[in-house]
Structure formats: structure tokens, C-alpha cells
Amino acid sequence: MQFKKFNTIDNKELKAANTVLRSGILSAFIASKNGFDGGKKVREFEEALKKFYKVKYAITVNSWTSGLTACVGALDISPGDEIIVPTWTMSATVMSILHWGAIPVFVDIESETFCINPDKIKEKLSKKTKAIIAVDIYGHPSNIKKIKKIIKGTKIKIIIDSAQAPYSFIDNKLTGTNGDLGGFSFNCHKHIQTGEGGVVVTNNKALAQRVKLIRNHGENLINDFKIKNLNNIIGYNFRLTEIQAAIGIEQLKKLKRIVKKKNFEAKYLMSRLKNLDGLILPKIKKNCTHSFYALPLIIDKTKVKVDREKLIKKLKKEKINCFSSGYLNVHTFPMFKKKIAYGKSNFPWSISKKKINYNKKLCPVAEKLHNETLFTFGICSYDFTKKNLEFISKKLIKVWNELNR
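Read on for an overview of the structure. (Residues numbered from 1 in each chain as written. Predicted model: local features only at pLDDT ≥ 70, side-chain atom pairs only at ≥ 80, totals over all residues. Heavy atoms only, no water.)

**Thoughts on the sheet that holds strand E9 (residues 198–202)**
Across a sheet, paired strands are connected by hydrogen bonds in the backbone, their directions being either parallel or antiparallel. Spatially, E1-E9-E8-E5-E4-E2-E3 is the arrangement adopted by the seven strands of the open sheet, whose pairing is mixed. Lying at the two open borders of the sheet, with one neighbouring strand each, are strand E1 (57–61) and strand E3 (103–107). Taking the axes of each pair of neighbouring strands and ignoring which way they run, one obtains an average angle of 20° across the sheet. Sheet analysis places E1 next to E9, joined by five bridges and oriented antiparallel. Each bridged residue has a counterpart across the sheet, and for Ala58 the counterpart in E9 is Val201. With respect to the sheet, helix H2 (residues 40–53) is in contact with E1, strand E8 (181–185) and E9, its orientation differing from that of E1 by roughly 130°. Against the sheet, helix H4 (residues 91–98) makes contact with strand E2 (82–86), E3, strand E4 (129–135) and strand E5 (157–161), and its axis sits at roughly 140° relative to E3, the strand it touches most. (Pairing = 2+ DSSP bridges. Helix = DSSP H or I, 4+ residues; strand = E, 2+ residues; numbered from the N terminus. Axes fitted to C-alpha atoms, helices over the stretch in contact; angles between N-to-C directions. Contact = heavy atoms within 4.5 Å.)

Spelled out as C-alpha cells, the structure:
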């Protein structure tokens with residue numbers, strides 16, 4: 001059976017992009033006060049995002065990787081400072097820390113949500129901890145409320161990487177908006193897209209201004225802006241184009257409907273698979289909603305003998321694609337094993353007086369999931385019909401039972 005690729009671009013986006021093309025103004029950013037906030041479409045998109053996410057500031061960027069880099073730089077970060085981050089994430093989350101010479105301190109994840117485990121954060125806090133990056137993996141919100149309790153009374157900041165959770169709620173508040181800084185991805189394989197792109201959201205005026213400066217060649221503008229701290233205002237071109245913004249305006253209008261459909265697809269599969277002995281389905285915590293960028297499934301090795309690699313192989317023969325692991329546990333990458341990032345002198349670890357541990361078994365929950373038990377369906381990879389979902393369910397049940405005999 002053929003599955004239709006997920007694509008929500010239609011005539012509305014084509015018309016919006018063509019209007020910008022005919023105008024001849026494909027970007028209106030200039031490193032001066034007159035063009036500091038970009039062109040008409042960028043500003044219009046940011047206004048729409050502010051209203052949608054109910055925040056004071058929304059700053060678009062040319063990728064969420066750029067957004068994360070700008071978020072970390074916007075904080076009072078110095079080389080050798082520590083930032084706590086889950087190992088179960090895309091490498092860009094961690095590279096945004098290294099970019100400013102700070103040191104990533106990895107924390108394990110919760111087995112039910114796959115988000116950073118707040119209880120493990122306590123063990124990693126130190127005098128050098130300046131921030132925590134929480135990642136709303138697969139679309140489930142991180143427990144920011146509990147993290148805030150843990151760091152209460154400190155100056156530690158919270159950045160929320162909600163790349164995969166563009167319309168998930170926790171305690172009736174949109175995730176990504178409940179930290180000091182947060183943001184979302186508009187990459188081509190997310191719920192909504194502008195090809196590449198992202199947005200930083202915050203209610204903090206000073207942080208918003210610093211993100212904007214980093215986004216738009218900050219070093220050319222520091223004489224024109226009254227900011228107390230000039231640290232990290234190095235400045236880049238992290239700017240979104242007018243065409244991308246025009247497409248984003250139309251895509252944002254569709255986001256609620258898209259997330260609703262992805263919820264239906266994921267929950268339909270879950271309803272069909274719930275009676276499979278030894279298959280653990282994702283749980284949605286109380287007072288939370290899910291965006292279901294992907295559907296993570298776990299093999300309970302204490303109940304069944306199903307081998308994950310055989311399962312994946314058999315499913316592929318049945319024309320069903322799924323992934324045989326989760327994220328690659330960033331702490332196990334060669335860069336962190338050897339502690340080499342900038343040059344050959346082990347910077348930034350070389351300036352730390354503390355020995356940072358990146359050994360295996362550092363994050364046992366994440367490592368077991370990756371190595372043995374987790375497999376995922378890309379809910380945002382395809383535009384599934386009910387017939388597709390029924391086909392997938394039947395094939396998975398068939399293969400599962402064959403392997404479990």
C-alpha cells in the first residue's frame with residue numbers, strides 16, 4: 001500500500017509566495033534601525049505568531065537551530081558555564097550550548113514521556129549551572145512546573161525546545177511559552193513548514209531584544225541600542241525571508257487542524273494496538289495534550305521475546321516504514337567521548353575545574369530505549385487515511401504475533 005507524503009502546501013501558499021515574488025522584495029532586513037525588524041511579511045508573521053502563542057514577543061529565525069543558538073546567546077552565558085540538557089534530542093539542541101563555549105551536562109529522560117526527567121536534574125545542578133534546556137520530544141510537553149520548583153530561588157533560566165510540539169498544552173498553557181525562552185521549528189518535516197525556519201517566543205523584553213540582535217548582525221547595532229550587557233552580541237544572519245514568512249502566515253492558519261488530524265492518526269493506531277501483549281503505548285500525562293510528531297512504541301522485554309530488529313525488518317517487507325531506535329543519545333557521540341569541539345585543546349572542557357562524565361550508562365533509560373526497546377512511526381511523515389491506519393495496524397499485529405510465538 002502506498003502512503004501519501006504529508007504535505008499541506010496548497011494554492012494559498014503558492015499565491016502568497018507569488019505575491020512576494022512580484023513585489024521584488026524578497027528580504028527587507030538591514031543592519032540598521034530602519035530595517036532591523038525585517039519586512040512587511042516577516043513582521044506580519046511575527047504578529048500572527050504572538051497572537052497564536054499568546055506571548056509578548058515572537059522572533060522568527062531561518063531555522064530552529066539558529067533559534068536555539070540565539071536563545072543560549074541571549075542569556076548571561078560565559079565559556080565554561082554549564083547547561084543541563086536531555087541526551088534524548090537532536091544534536092542541534094546540544095550544539096547551541098557548545099556554540100557559546102558552555103558545557104553540556106546530560107540528564108536522562110522519563111520512560112513514559114521521553115522528556116527530560118526533572119528528578120535527575122537535581123543531581124546535576126552546580127554553581128556553574130546557568131540554564132536548563134527542556135525538549136518536548138515527539139510532541140509531549142516537558143514538566144516545566146516541576147523543573148521550576150527544583151530551581152526556585154536560583155537565577156537558572158529555562159529554554160524550551162518545542163520543535164516537535166507546536167500546539168501542545170500543559171496546565172492549559174501552550175508548551176514552549178512557559179519558560180524564559182522557547183520556540184518552534186518550521187523545518188520541512190514538521191507539522192507546519194516554511195522549508196527551513198523557526199520562531200523564538202518569550203515574554204521577557206530584554207531577552208527578546210538580545211535574540212533580535214543576535215539574529216541581525218548585532219555587532220553593527222550595539223551603538224544604537226541601550227543594552228547593559230554586550231556579551232554574546234556577536235551577531236549573525238539568522239533572518240527569515242519574505243517568501244518564507246508569507247508561506248508561514250498561511251501555514252499557521254492550518255496548525256490547529258493539522259495537530260487535530262495527527263492526534264486522530266496516532267490515537268487510532270493506539271486503539272488498535274492496545275491489546276498487544278508486551279507493547280507499551282505512549283502515555284499522555286494529566287493536564288497535557290500531545291502534538292504527535294511521531295508515535296513512540298516500546299517493547300516490554302519482561303513480557304515478550306520480540307526482537308526489535310527482526311520486527312523492523314519484517315515490517316519493511318510489509319511496506320511499512322518505521323524507525324528502529326529513538327534519538328542517538330548525544331552524550332555517546334565521539335565529540336563528547338573525546339571532549340573535542342574547538343581546536344585541539346579540548347575547549348570548552350579544558351577550562352572547567354570539574355570532570356564532566358559522558359560515559360556509557362550515564363543515561364540508562366535513554367540508552368536502553370535506543371539500543372533495544374523503542375521503535376517509532378513518523379506520524380508527520382505521511383498523510384494517513386483511515387484505510388492506511390487499518391493496514392498498518394493489521395500488519396503490525398500479524399508480525400508481532402509471529403515473533404512472539
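So much for the structure itself; the text now carries on.
**Looking at the packing of aromatic side chains**
On inspection of all chains with the given rule, the structure shows 21 aromatic pairs. Ring centres of Phe114 and Tyr138 lie 5.4 Å apart, and the angle between their planes is 80°; this geometry places the pair in the edge-to-face category. Taken as a pair, Phe114 in the loop between E3 and helix H5 (118–124) and Tyr138 in the loop between E4 and helix H6 (144–150) lie far apart in primary sequence, 24 residues in all. Here Tyr138 falls in the buried class, since its relative accessible area comes to 4%. (Phe/Tyr/Trp six-rings, centres within 6.5 Å; stacked < 30°, edge-to-face > 60°. Buried < 20%, exposed > 50% of the residue type's maximum accessible area, 1.4 Å probe, protein only.)

**Focus: the sheet that holds strand E11 (residues 295–299)**
Strand order in the open sheet formed by three strands is E10-E11-E12, with antiparallel pairing between adjacent strands. Lying at the two open borders of the sheet, with one neighbouring strand each, are strand E10 (279–280) and strand E12 (374–377). Across two bridges, the pairing between E10 and E11 is antiparallel. Paired with Ile280 across the two strands is Ile298, which belongs to E11. Its contacts with the sheet place helix H10 (residues 308–317) against E11 and E12, and it is angled at close to 25° to E12.

**Concerning the side chain of Asn232**
Checked against the element boundaries, Asn232 lands in the loop between helix H7 (205–215) and helix H8 (242–252). In terms of polar contacts, Asn232 uses its side chain to reach the backbone carbonyl oxygen of Ile77, at 3.1 Å. (Polar contact = N/O pair within 3.5 Å; in protein donor to acceptor, adjacent residues only side chain to side chain.)

**A word on the packing of helix H1 (residues 11–23) against H8**
Between H1 and H8, whose axes approach to 8 Å, the crossing angle comes to 150°. The orientation of H1 relative to H8 falls into the category roughly antiparallel. The chirality of how H1 crosses H8 is right-handed. Across from Lys12, Glu13, Ala16, Ala17, Val20 and Leu21 in H1, the residues of H8 making contact are Glu242, Ile243, Ala246, Ile247, Glu250 and Gln251. Of the residues in the contact of H1 with H8, the class split is seven nonpolar, one polar and four charged. (Parallel < 35°, antiparallel > 145°, perpendicular 65-115°, else oblique. Left-handed = near helix turned anticlockwise from the far one by under 90°. Nonpolar A, V, L, I, M, F, W, Y, C, P; charged D, E, K, R; others polar.)

**Points about the pattern of salt bridges**
Using the criterion set out here, one finds 22 salt bridges in the structure. The partner of Glu13 in a salt bridge is Lys254, and the shortest N-O contact between them spans 2.8 Å. Of this pair, Glu13 sits in helix H1 while Lys254 is found in the loop between H8 and helix H9 (255–273), placing the two residues 241 residues apart along the sequence. Both residues of the pair, Glu13 and Lys254, belong to the buried class. A salt bridge links Lys41 to Glu44; the shortest N-O distance between them is 3.3 Å. Here Lys41 pairs with Glu44, and both are found in helix H2, just three residues apart, close to one helical turn. Judged by relative accessible area, Lys41 falls into the partly exposed class, the value being 22%. (Salt bridge = Lys/Arg side-chain N within 4 Å of Asp/Glu carboxyl O.)

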